[in-house]
Amino acid sequence: MSQTATRAPAPPVVRQPSAIQLGLSRAALETKIFFRERDAVIFTFSFPIVLLLIFGSIFADDLEGTGLNVSQLYVAGLIGSAAMTGFQNLGIGIAMDRDDGTLKRLLGTPLPRSSYFVGRALNTLFISFCQVVILLTIGVALFGLQLPSEISTWLTFVWVFVLGVLGSSLLGIAVSSLPRSGKSASAVIAMPFVVLQFISGVFIPVTQLPAWLVNIASVFPLKWMCQGFRSVFLGDAGATLELTNSYELGRVALVLGAWVVGGLLLCLTTFRWKGRRDG
Amino acid sequence: MTTAVRVRGLTKRYGDVQAVGGIDLDINAGEVFAILGPNGAGKSTAVEIMEGYRTRDAGEVSVLGVDPGRPTREWRSRIGVVLQTADDVAEATVRETVRHFAGYYPNAKDPDEVIEQVGLTDKAGKRIRQLSGGQRRRVDVALGVIGSPELLFLDEPTTGFDPEARRQFWELIGDLAHQGTTIVLTTHYLDEAEALADRVAVVAQGRIVAEGDPTTLGGRATAKATVGWSEAGEHRSRETDTPTRTVLELAQQFDGEVPELTVTRPSLEDVYLRLIEAPS
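Everything quoted here is computed from the prediction, not taken from an experiment. (Residues numbered from 1 in each chain as written. Chains lettered and ligands numbered in written order. Predicted model: local features only at pLDDT ≥ 70, side-chain atom pairs only at ≥ 80, totals over all residues. Heavy atoms only, no water.)

### Overview of the nonpolar core
What counts, and what does not: Put simply, a nonpolar core is a bunch of buried Ala, Val, Leu, Ile, Met, Phe, Trp, Tyr and Cys residues held in one set by side-chain atoms that sit within 4.5 Å of each other. To sort residues, take the accessible area from a 1.4 Å probe on protein chains only and compare it with the maximum for the residue type: under 20% means buried, over 50% means exposed, and anything in between is partly exposed. Each helix corresponds to a stretch of at least 4 residues labelled H or I by DSSP, and each strand to a stretch of at least 2 residues labelled E; elements are numbered beginning at the N terminus. Between two residues, a contact is recorded if the distance between any of their heavy atoms is within 4.5 Å.
If you look at the biggest cluster of nonpolar residues, it comprises 99 residues, and the most contacted ones within it are Leu25(B), Met50(B), Val63(B), Val141(B), Phe153(B), Ile183(B) and Val202(B). Broken down by element, the residue count for this core peaks at seven residues, all from helix H6 (residues 163–178) of chain B. Beyond its immediate sequence surroundings of up to four residues, Val141(B) is in contact with Val82(B), Val118(B), Leu154(B), Phe169(B), Leu172(B) and Leu176(B). Counting 51 residues, the second-largest nonpolar core is a separate cluster that includes Ile49(A), Ala76(A), Phe157(A) and Cys226(A).

### Topic: the interface of chain A and chain B
Filter applied, for reference: By convention, the term buried area covers the 1.4 Å-probe accessible surface removed from two parts as they join, with the contributions of both added. Throughout this description, the term salt bridge denotes a Lys or Arg side-chain nitrogen within 4 Å of a carboxyl oxygen of Asp or Glu. Under the rule applied, a polar contact is a pair of N or O atoms within 3.5 Å (in protein, one hydrogen donor and one hydrogen acceptor; residues adjacent in sequence only if both atoms are side-chain atoms). Here the nonpolar group is Ala, Val, Leu, Ile, Met, Phe, Trp, Tyr, Cys and Pro; Asp, Glu, Lys and Arg are the charged ones; every other residue, Gly included, is treated as polar.
Counting residues at the interface gives 27 residues for chain A, matched by 27 residues for chain B. Both sides together, the interface formed by chain A and chain B hides about 2600 Å², and carbon and sulfur atoms give 55% of it. Interface area lost by chain A to chain B is led by Arg36(A), Arg105(A) and Pro110(A), which between them contribute 28%. Taken together, chain A and chain B are joined by four salt bridges. Taking the shortest distance from any N to any O, the salt bridge between Arg36(A) and Glu96(B) comes out at 2.7 Å. The tally of links between chain A and chain B comes to 13 residue pairs in polar contact (both at pLDDT 80 or more). For the side of chain A that touches chain B, the secondary structure elements donating two or more residues are helix H2 (19–36) and helix H6 (102–107) of chain A. The element that contributes the greatest number of residues to the side of chain A that touches chain B is H2(A), accounting for seven residues. Of the residues contributing to the side of chain A that touches chain B, the split by class is ten nonpolar, seven polar and ten charged.

### Topic: the sheet that holds strand E5 (residues 79–82) of chain B
Residues and elements named next belong to chain B. Inclusion rule: When DSSP finds two or more bridges between a pair of strands, those strands are recorded as paired. Comment: axis = line fitted to C-alpha atoms, over the contacting stretch for helices; angle = value between 0 and 180 degrees taken between N-to-C directions.
On the basis of which strands lie adjacent, the open sheet formed by six strands has the order E5-E6-E7-E3-E8-E9 and mixed pairing. With one partner strand each, in any of the chains shown, E5 and strand E9 (207–212) form the two edges of the open sheet. Shown here is a sheet whose adjacent strand axes are inclined to one another by a mean of 15°, direction ignored. Sheet topology note: the strand E3 (residues 32–36)/strand E7 (residues 182–187) ladder contains five bridges and is parallel. Within the sheet, the bridge partner assigned to Ala34 lies in E7 and is Leu185. Together, E3, strand E6 (151–155), E7 and strand E8 (199–204) form the strand contacts of helix H1 (residues 43–50), whose direction differs from that of E3 by roughly 140°. The strands touched by helix H5 (residues 133–145) are E5 and E6; relative to E5, the strand with the most contacts, the crossing angle is about 165°.

### So, unusual backbone geometry
All names here are of chain B. Of note, the phi angle at Glu156 is positive, near 40°, even though the residue is not glycine. Of note, Glu156 is situated in the loop between E6 and H6. With a phi angle near 50°, Glu260 is a residue other than glycine that sits in the positive phi range.

### A closer look at the packing of aromatic side chains
Residue and element names in this part refer to chain A. To keep things clear, this is the line we draw: The rule is short: rings of Phe, Tyr and Trp, with Trp giving its six-membered ring, pair when the centres are within 6.5 Å, and they are stacked under 30 degrees, edge-to-face over 60, tilted in between.
A complete count under the given rule lists 21 aromatic pairs over all chains for this structure. Measuring from centroid to centroid gives 5.1 Å for Phe34 and Phe35, while their planes differ by 85°, and the two rings are edge-to-face. Phe35 sits in the partly exposed class, given a relative accessible area of 36%. An angle of 75° between the planes, with centres 6.3 Å apart, marks the rings of Phe34 and Phe45 as edge-to-face. Of this pair, Phe34 sits in helix H2 while Phe45 sits in helix H3 (residues 38–58), and the two are eleven residues apart along the sequence. The pair formed by Phe34 and Phe45 is uniform in burial state, with each residue classed as buried.

### A word on the UniProt feature "transmembrane region" (unreviewed entry) in chain A
Residue and element names in this part refer to chain A. How we decide: UniProt positions are given in the numbering used here, feature names are shortened, and annotations may be inferred rather than shown by experiment.
UniProt annotation of "transmembrane region" (unreviewed entry) refers to residues 40–60, 72–96, 117–145, 151–175, 187–206 and 252–271 when read in the numbering used here. For residues 72–96, the helix share is 96%, the strand share is 0%, and the end-to-end C-alpha distance is 36 Å. Helix makes up 100% of residues 151–175 and strand 0%, with an end-to-end C-alpha separation of 36 Å.

### Notes on the domain arrangement of chain B
Keep this limit in mind: The start and end points of each domain follow an automatic or database-based domain assignment.
Split by domain assignment, chain B resolves into domain 1 (1–73 + 181–221 + 267–280) and domain 2 (224–264). Distance from the C-alpha centre of domain 1 of chain B to the C-alpha centre of domain 2 of chain B: 39 Å.

### Some thoughts on the sheet that holds strand E2 (residues 17–28) of chain B
Strands pair in a sheet through their backbones, by hydrogen bonds, and they do so in one of two ways: parallel or antiparallel. All names here are of chain B. Read across the sheet, three strands follow the order E2-E1-E4 without closing on themselves; strand pairing throughout is antiparallel. Single-partner strands in this sheet number two, and they are E2 and strand E4 (58–63). Across the sheet, the mean angle from the axis of one strand to that of its neighbour is 15°, orientation sign disregarded. Alignment of strand E1 (residues 3–14) against E4, held across five bridges, turns out to be antiparallel. The residue of E4 that forms the bridge with Arg6 is Ser62. Contacts from H1 reach E1, E2 and E4 within the one sheet, and its direction differs from that of E1 by about 125°.

### Comments concerning the state of the cysteines
The following threshold applies: The criterion for a disulfide is a pair of cysteine sulfur atoms lying within 2.5 Å.
This model, assessed by the stated rule, comprises zero disulfides over all chains. Counting only cysteine sulfurs, Cys130(A) is the nearest neighbor of Cys226(A), a cysteine outside any disulfide, at a range of 20 Å.

### A closer look at H2(A)
Note the threshold: Expected span of a helix: the number of residues minus one, times 1.5 Å.
With 18 residues, H2(A) ought to run about 26 Å at 1.5 Å a step, and its terminal C-alpha atoms sit 26 Å apart, in line with that. Taken together, the buried positions of H2(A) are Leu22(A), Gly23(A), Arg26(A), Ala27(A), Leu29(A), Glu30(A), Thr31(A), Ile33(A), Phe34(A) and Arg36(A).

### Comments concerning a nonpolar patch on the surface
Residues and elements named next belong to chain A. The cut-off we apply is this: Candidate patch residues must exceed 30% relative accessible area and have no salt bridge, after which like charges are joined if within 9 Å and Val, Leu, Ile, Met, Phe, Trp or Tyr side chains if within 5 Å. With residues, only the protein chains shown are counted as cover, and all accessible areas are computed by Shrake-Rupley using a 1.4 Å probe.
A cluster of nonpolar side chains, contributed by Ile20, Leu24, Val118, Leu122 and Leu125, occupies part of the molecular surface with about 400 Å² of accessible area. Secondary-structure elements contributing two or more residues to the nonpolar patch are H2 and helix H7 (113–143). Residue contributions to the nonpolar patch peak at three residues, all from H7. Judged by its relative accessible area of 34%, Leu125 is partly exposed.

### Brief notes about the packing of helix H8 (residues 151–175) of chain A against helix H12 (residues 249–270) of chain A
Residues and elements named next belong to chain A. As a reminder of what qualifies: The scheme is simple: roughly parallel for angles under 35 degrees, roughly antiparallel for over 145, roughly perpendicular for 65 to 115, oblique for anything else. Put simply, a crossing is left-handed when the front helix is turned counterclockwise from the back one by less than a right angle, and right-handed when it is turned clockwise.
As a packed pair, H8 and H12 sit with axes 8 Å apart at the nearest point and diverge in direction by 30°. By the angle between their directions, the pair H8 and H12 is classed as roughly parallel. You can see that H8 and H12 cross each other, and the crossing is left-handed. Contacts between H8 and H12 involve Thr156, Trp159, Val160, Leu163, Gly164, Leu166, Gly167, Leu170, Leu171, Ile173 and Ala174 on the former and, on the latter, Leu249, Val252, Ala253, Leu256, Gly257, Trp259, Val260, Gly263, Leu264, Leu266, Cys267 and Thr270.

### Quick word on the pattern of salt bridges
Considering all chains together, one arrives at 27 salt bridges over all chains under this definition. Of the charged contacts, one joins Lys104(A) and Glu48(B) as a salt bridge, the two residues approaching to 2.8 Å between their closest N and O atoms. Separated into two different chains, Lys104(A) in helix H6 and Glu48(B) in helix H1 make up a pair that spans both. We note a salt bridge from Asp112(B) to Arg99(B), for which the minimum N-O separation is 3.7 Å. Remark: Arg99(B) occurs in helix H3 (residues 94–102) and Asp112(B) occurs in helix H4 (residues 111–117); sequence separation between them is 13 residues. With relative accessibility at 46%, the residue Arg99(B) sits in the partly exposed group.

So this is what it looks like as structure tokens:
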């Protein structure tokens, strides 16, 4: 049109790419790189599967008076572990990123810092989701696990999963600052994760643990995640196996929610972009 | 001429160590500026303050008109940083990595052209883990320039290179400089500074002890020359302020060709070693 020709040329607008879009781009790259490190992929995915197969095969008895068997208990517990993969993945992954120069390089680019975390979070969510799908498939196929049929139960699954993944991921981001180097990260971070699994009811039912251990476990999110997942996959029949004869879903939500908020605060106050040698 | 980097009275202390003890610096837009100095002289600290990686204790710093102590996204998209060491993104290919980083910048160059420019076109599909040290460094440069920076920082870019790789790298940096990119380079290779830089600053113990054209630094061009020749099977030499006259005298003495004639001024290395030994 003729009017447009007379208009003064617009000043050049420098449009920065959106933070969300860059977060997605980071997630795609992280996921691609993750699946290329074949040994890490095999370890990450086979660990809970192997444990499920071993524990499920050793303890095939029925749980008295519930119509449930022990392997179903393990599926629920290991799904809790899978949702907590973020703790280990991010704890080790970010420590490595700090050590190998990834964080420093990104800090020198216009990438918004939030995009890095969005990328990491989506990557973790995806890996945890894959693990859960695999565990559920094996549980249903080999150990007679019954998937819940009610939508409300699935809703419980979704909020326990999302809060659990978020809380443990934030905790993972926070602990990533602890290892002195990327090399020591897997030892520093895997150890507490294994201990937590033993005291949170993943391998050994909470009812068989001494009270003081349960008290320690109750501070951390894994115990509550497992409890939430038991409510989803064992149903009302299994509630009698709980310490309080109830899944305490309100409390589960409260503790996991508190971890999300606390984890976020912990990350914001303690996160280091630089390695210890970088001053 | 516009100023790309302006530094006044910059200081930085780590505990008891005064890493940077008052540096003034002006780097012009479009020039290649080399910062020379031994390890621990404070050059990396000074550069990392300019890059926005470290905070300073005192002084004024302006990089492309912005205080790097308060870096913005817009400012970050105008500078490029090539760090000393990095071994990240090992499992991604060269092309994937360069394309990914291109997405960070509002005015990114074409990734394939940048890969071509750094001479990695035939390695573009290879994973970074499979590259040699020199090729890896070229990826770093590609990521440093992908956003069309006005100013590029290179921190000891050729450490660990073989001589051939270093030559090729120098050509690459020369090309970038020709295209108008301002380049700030730290190095402890004097031949590198001499080959690349329009101006150099020598940093020792946190201060600049000399600054200028590498060919005249520290009075190199006018310092006493050494004339060497061979006489009766023996090597002879004479230090002189007037080497031309000495050569003419020798030419008369030998009636033509002077055997094994050499005339040398102090090398940049001689000047440098003298400067860092006795900081003013």
